Structures are given as C-alpha cells and as structure tokens.
Amino acid sequence: MKIETLILIVAIVIILFICLLVFLTRYRKCPSDKIMVIYGKVGQNSDGTNRTSHCIHGGAAFIWPVIQAYQYLDLTPISIQVDLRNALSRQNIRIDVPSIFTVGISTEQGIMQNAAERLLGLRQEEIQDLAKDIIFGQLRLVIATMDIEEINTDRDKFLEAVSHNVESELKKIGLRLINVNVTDISDESGYIMALGKEAAAKAINDAKKSVAEKTRDGSIGEANAQRDQRVQVASADSSAIQGENTAQVEIAQSNALKREKEAESMRIAVAAEKVQAAKALEEAYAAEREAEKAKFSREQAALEADVIVKAEIRKREIELAADAEAEKLRRQAAGEADAIFAKMEAEARGFNEILTKQADGFADIVQAAGGSAKDALMLMLADKMENLMRVQVDAIRDMKIDKVTVWDSGSGGNKDGKSSTANFVSGLLKSIPPMNEMFEMAGMSLPEFLGKNKDDAGKPDEIIEIVEQAPVEEAAPQPKEAPAPKAPEDEDY
C-alpha cells in the first residue's frame, strides 16, 4: 500500500512539473519595439463573430499549445524615398515633387488589428513597397487639387493635406505616417523658377527702397545730432573752464599748505635721523667690542678643541683598532677551531658509516654463506680472485718479449719421446709459481686437469700431457736463409 501511494505521489509531482514546464515555455513576453499577434482560437467579438487575432503591445500572455500560435510585428520605422515625377497640378502644369516619407506600424488598437490582418508575415521590403504605392497615389491626388503657388509658397498647407490623405489610407493597412519631408519642387516649364525670380526682383526692389529711406532718415538724424552736439559741447566747455579755474586756485592753496607741512616734516625727520645715527654709532661700537671679545673666545676655544679633539679622536681610533684586531683574532681562532671540529666530526662520521656498512656487508655475506665464517671468507676470496689474478698478470705484463719462434720438425728427437714444443711448454709451466697452494689457502682447489694436490703441484707431468694433447700450431719448416756474405777480413776458411 505504501509503494502504491509513493508511486501516485511521484506521478502527481511529475505531472505538475510537466505542467509548470509547459506554462513557462508557452508564456511569452512582448518587447517594447514589437507587437505580439496571437492567432488561432482567441475568442469572439461583441457581435458574436470569431476574432481573427489578438494584438499585444507590451506585457505578456500565455499561448495555449495546439490551439494558438503567435508572431511578432516589428515597430521599426520605415523610410520610403518617393521620387514623384510629372505630377499634374490644378493649373495643368506638371511638377516634380521628390520627398521622403517615414512610416511605421501603428500601436492604436483598431489600426493594430488591421496591421495584424494585412501585414503579418510580410517582410519589411514588401511593406515598404505597399506603402509606397499608396503614397504615390495620394500625393498625386493632393497636387491635382492645389495650385503651384500654394504648393510652393504655403508648404505647411501642402504638407498638412498630404499627411491627412496619406495617413487616412495607411491606417487601412495598419500603418501610421510619422514624418513627411519634401526635398524640392520643380517643373519642366520653368514656372516655379519664374515665380522665384519675380519674388526675388520684388524683394530686391523693396530692399533698395527701404535702404534709400533708411539712408535719408539717417542723414537727417545725423545733422540734428551734430547740431545738438555742438551746443552741448560749447556749454560743457564753458562749465569746464570755470571749473578748471576754481580748481587751479584750490590746487595752489593746497600746494602751499603742502610745502609748509613738508618743510616741518623735513625738519623733524632730519633731527630724528641725527639722533638715531648717533645712537646707532654708539650701539655699533659696543657691538663691535662685544664681537671682538666673542671672536677671541671663539678662536681660543677652537684651538683648544682642535688639539684636544684630535688627541681624543686618535686615542679612540687606537682603542677601536685594537679591539677590532682582538675580535678578529678571536673570531679567526673560533672559526678555525669550529672548522677543525667539524672536519674531524665529519671524518669520524664517515669512518663510522664505512665501518658500519662494511660490518653490515660482512654480516650479509656470513648470512648468505649459511652462518659459516669460513664459507663467507671463501666467497670473499672468490669475489677478489679476479683481482688477485690480475695482480699476478701485472707482475709479468711489463716484460718485453718481442717474438717467440719455435722451430720444430715434428720428430721426437729427445730421449723421452717428447717434441721440442712440448718441452718448451713444460719448461714454461714449471716456471709458473705453484697456484694450488694459494687456492688451498683460500679453501678452494684447482681444476683436476691442473693438478689435484700439493705434491703433484711440483710435477706438472699431467699438465704437460694435457698440453701435448692440445693441438698446437707449429711453424712450418722454413728453408734456411743463405748467410750473408762476410767481409774479406771476417771470412772463415
């Protein structure tokens, strides 16, 4: 029962998770620069008919799976270049009106529905071509209802008529007119140019007339201004002269009073300067006297300081040098002692390590020999036998034997029946030191073909027999060389 309940709970959780995932994947948010058009089963209108779509600008909505779908309409403005040529005006004069229209999808509720019904799924170029056709037709219609003078002079009226007609038609497909810019208006007959020249001539004549009138008014005003200037200048000169005279009198009185005050001030100043100069000299003499005394004391102190300080410095230098030398010797002695101690300690550790390792090695050899010291010694001698043999070989290695030649005819000419080669080998073997004794001292024995005991070591007959049995390459008999001719005085008669 518990397992069935657990399975039911897990199934419910999975179903809820799937529902949540579907809800999250089908809940769509509409960007601010787009219109989201939901189509499919979206409800009914107020009159009971089915709605073709539901438009949302901003916000979000849940898109039911299977029964609903959605697309976006881009609100990016579309710029349309309209080059209208040979448009017929009300005066039957053909004119050219190049202009630029800026349109975009409207966000008004009713017009937005028209856009969803007529522009959904179209590319921007297709929308642009559709709007251009509407603009061309309405622009020709507006020009046909107006005179050239109205179009040329009253641009606001012309643009207002164009905007009203074009926008009313664009709303039918869900667009709105954003801006109209008429770049130029011209005609093939030159009527607009003539109107411009007439207006320019009239403006020039009016300007010339206005300039002449302004020049006349300027001359009259200039004469009146000059008259008033002369009158006012004369009156001002009179008042100025009177004021100057009065001012000069006051200046003279002021100068006299000034000189009187200056003389009194000069007298007081000269007297004060004399008194101050006398006091200054007195103070200067006293200061010089004190300065001389101070100079004498300073020079005396400087001489004493030079002698005493130099002696003190020299004494201190000697003491510091002695202390430094003593410290140097102490440190050298301590360093040498430490070095000797460290060296001896290192050597002792080295010897101890060597002896320890040798002892461990000997112990391992004895253990390998089954605990027998004799067998261990035999193993060590066997290991060193190559070196011992090398020492014996080195004893005769430096002997200079340039060549050994054995002449043997192969016949047994000796009494014992042995060949010359056999006798030579026998003598050579007899000259080798007995080695069996050395092997027995080491606890070993030579191979049987080299002898079995010490008594037979001095009689190498068996070795000789073995050597005789071994094949020996003997030099073939060589023809005797003819002796070299002797000098007359050396000939043997």
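This is a predicted model, so every value here is computed, not measured.

## A closer look at the overall build of the protein
Phase 1 of the analysis: Along its length, the protein carries eleven helices and nine strands.
Phase 2 of the analysis: Of all intrachain contacts in the protein linking residues separated by at least 6 positions in sequence, the fraction that spans at least 24 positions is 67%.

## Quick word on the packing of aromatic side chains
Phase 1 of the analysis: Inspection of the entire model under this criterion finds two aromatic pairs.
Phase 2 of the analysis: When the ring of phenylalanine 62 is compared with that of tryptophan 64, the centres are 4.8 Å apart and the planes differ by 90 degrees; the resulting orientation is edge-to-face.
Phase 3 of the analysis: On the basis of relative accessible area, tryptophan 64 is assigned to the partly exposed category, the value being 48%.
Phase 4 of the analysis: Ring plane angle 80 degrees and centroid distance 5.7 Å describe the contact between tyrosine 70 and tyrosine 72, whose orientation is recorded as edge-to-face.
Phase 5 of the analysis: What makes tyrosine 72 partly exposed here is its relative accessible area of 33%.

## Some words on the pattern of salt bridges
Phase 1 of the analysis: One pass over the structure, following the stated rule, counts 13 salt bridges.
Phase 2 of the analysis: What you see here is one network of salt bridges that share partners, running through Arg123, Glu125 and Glu126.

## Here we look at helix α2 (residues 109-118)
Phase 1 of the analysis: Of the residues making up α2, those classed as buried are Ile111, Met112, Gln113, Ala115 and Ala116.
Phase 2 of the analysis: On its buried face, α2 is in contact with β2 (34-40), β3 (53-56), β5 (68-74), β7 (94-105) and β8 (175-182).

## Let's talk about the nonpolar core
Phase 1 of the analysis: Formed by 40 residues in total, the largest nonpolar core has its most connected members in Phe101, Ile143 and Phe158.
Phase 2 of the analysis: When residues of this core are traced back to their parent elements, those giving at least two are β2, β6 (78-88), β7, α2, α3 (124-144), α4 (148-153), α5 (155-170) and β8.
Phase 3 of the analysis: Among the elements that take part in this core, α3 stands out by supplying seven residues, more than any other.
Phase 4 of the analysis: Sequence-distant contacts of phenylalanine 158, defined by excluding residues within four places in its chain, comprise Val97, Leu139, Val142, Ile143, Met146, Ile151 and Val182.

## Re a nonpolar patch on the surface
Phase 1 of the analysis: A contiguous nonpolar patch, built from Leu6, Val10, Ile14, Phe17, Ile18, Leu21 and Val22 and spanning about 630 Å² of accessible area, is present on the exposed surface.
Phase 2 of the analysis: Within the secondary structure layout, valine 22 lies in helix α1 (residues 2-26).

## Here we look at the sheet that holds β5
Phase 1 of the analysis: If you walk across this open sheet you meet the three strands as β3-β2-β5, and the pairing is antiparallel. Looking at strand neighbours, the two that pair on one side only are β3 and β5, the edges of this open sheet. When strand polarity is set aside, the average angle formed by the axes of neighbouring strands in this sheet is 25 degrees.
Phase 2 of the analysis: Here β2 runs beside β3; their pairing, made up of four bridges, is antiparallel. Note on β3: the bridge partner recorded for valine 37 is cysteine 55.
Phase 3 of the analysis: Contacting β2, β3 and β5, α2 runs over the sheet at an angle of about 120 degrees to β3.

## Looking at the packing of α3 against α5
Phase 1 of the analysis: Viewed as axis vectors pointing N to C, α3 and α5 meet at an angle of 140 degrees, and their least axial separation amounts to 9 Å. If you check the angle between α3 and α5, you find them oblique. The hand of the α3/α5 crossing is right-handed. Across the interface between the two elements, Ala131, Ile134, Ile135, Gln138, Leu139, Leu141, Val142 and Ile143 from α3 touch Phe158, Ala161, Val162, Asn165, Val166, Glu169 and Leu170 from α5.

## What to know about unusual backbone geometry
Phase 1 of the analysis: With a phi close to 75 degrees, valine 66 is a non-glycine residue in the positive phi region.
Phase 2 of the analysis: Inspection of the secondary structure puts valine 66 in the loop between β4 (60-62) and β5.

## A short note on the pairing of β7
Phase 1 of the analysis: The buried count for β7 comes to ten of twelve residues, which makes it a mostly enclosed element.
Phase 2 of the analysis: With nine bridges joining them, β6 and β7 adopt antiparallel strand pairing. Of the residues in β7, the one forming a bridge with valine 82 is serine 99.
Phase 3 of the analysis: With antiparallel pairing between neighbouring strands as the criterion, β6 and β7 make up a hairpin whose turn holds five residues, including asparagine 92 at a positive phi of roughly 60 degrees.
Phase 4 of the analysis: Where β7 lies against strand β9 (residues 186-187), two bridges are found, and the strand directions are antiparallel. For aspartate 96, the partnering residue across the bridge sits in β9 and is serine 186.
Phase 5 of the analysis: Of the pairings in the sheet, the one linking β7 to β8 comprises seven bridges and is antiparallel in character. From the neighbouring strand, threonine 102 faces β8, where its bridge partner is asparagine 179.

## Description of the side chain of serine 106
Phase 1 of the analysis: Relative to the assigned elements, serine 106 resides in the loop between β7 and α2.
Phase 2 of the analysis: The class of serine 106 is buried, set by a relative accessible area of 1%.
Phase 3 of the analysis: Setting aside anything within four residues of it in sequence, one finds serine 106 in contact with Ile35, Ile111, Met112, Gly174, Leu175 and Arg176.

## Here we look at the environment of serine 163
Phase 1 of the analysis: Note on placement: serine 163 falls in helix α5.
Phase 2 of the analysis: Here serine 163 falls in the partly exposed class, since its relative accessible area comes to 23%.
Phase 3 of the analysis: In this structure serine 163 touches Leu177 and Val180, once residues within four positions along its chain are discounted.
Phase 4 of the analysis: In terms of polar contacts, serine 163 uses its side chain to reach the backbone carbonyl oxygen of leucine 159, at 2.8 Å.

Definitions and limits used
- Residues numbered from 1 in each chain as written.
- Predicted model: local features only at pLDDT ≥ 70, side-chain atom pairs only at ≥ 80, totals over all residues.
- Heavy atoms only, no water.
- Helix = DSSP H or I, 4+ residues; strand = E, 2+ residues; numbered from the N terminus.
- Contact = heavy atoms within 4.5 Å.
- Phe/Tyr/Trp six-rings, centres within 6.5 Å; stacked < 30°, edge-to-face > 60°.
- Buried < 20%, exposed > 50% of the residue type's maximum accessible area, 1.4 Å probe, protein only.
- Salt bridge = Lys/Arg side-chain N within 4 Å of Asp/Glu carboxyl O.
- Core = buried A, V, L, I, M, F, W, Y, C linked by side-chain atoms within 4.5 Å.
- Patch = residues over 30% accessible without salt bridge, like charges linked within 9 Å, V, L, I, M, F, W, Y side chains within 5 Å.
- Areas by Shrake-Rupley, 256 points an atom, 1.4 Å probe, with all protein chains shown as cover.
- Pairing = 2+ DSSP bridges.
- Axes fitted to C-alpha atoms, helices over the stretch in contact; angles between N-to-C directions.
- Parallel < 35°, antiparallel > 145°, perpendicular 65-115°, else oblique.
- Left-handed = near helix turned anticlockwise from the far one by under 90°.
- Polar contact = N/O pair within 3.5 Å; in protein donor to acceptor, adjacent residues only side chain to side chain.

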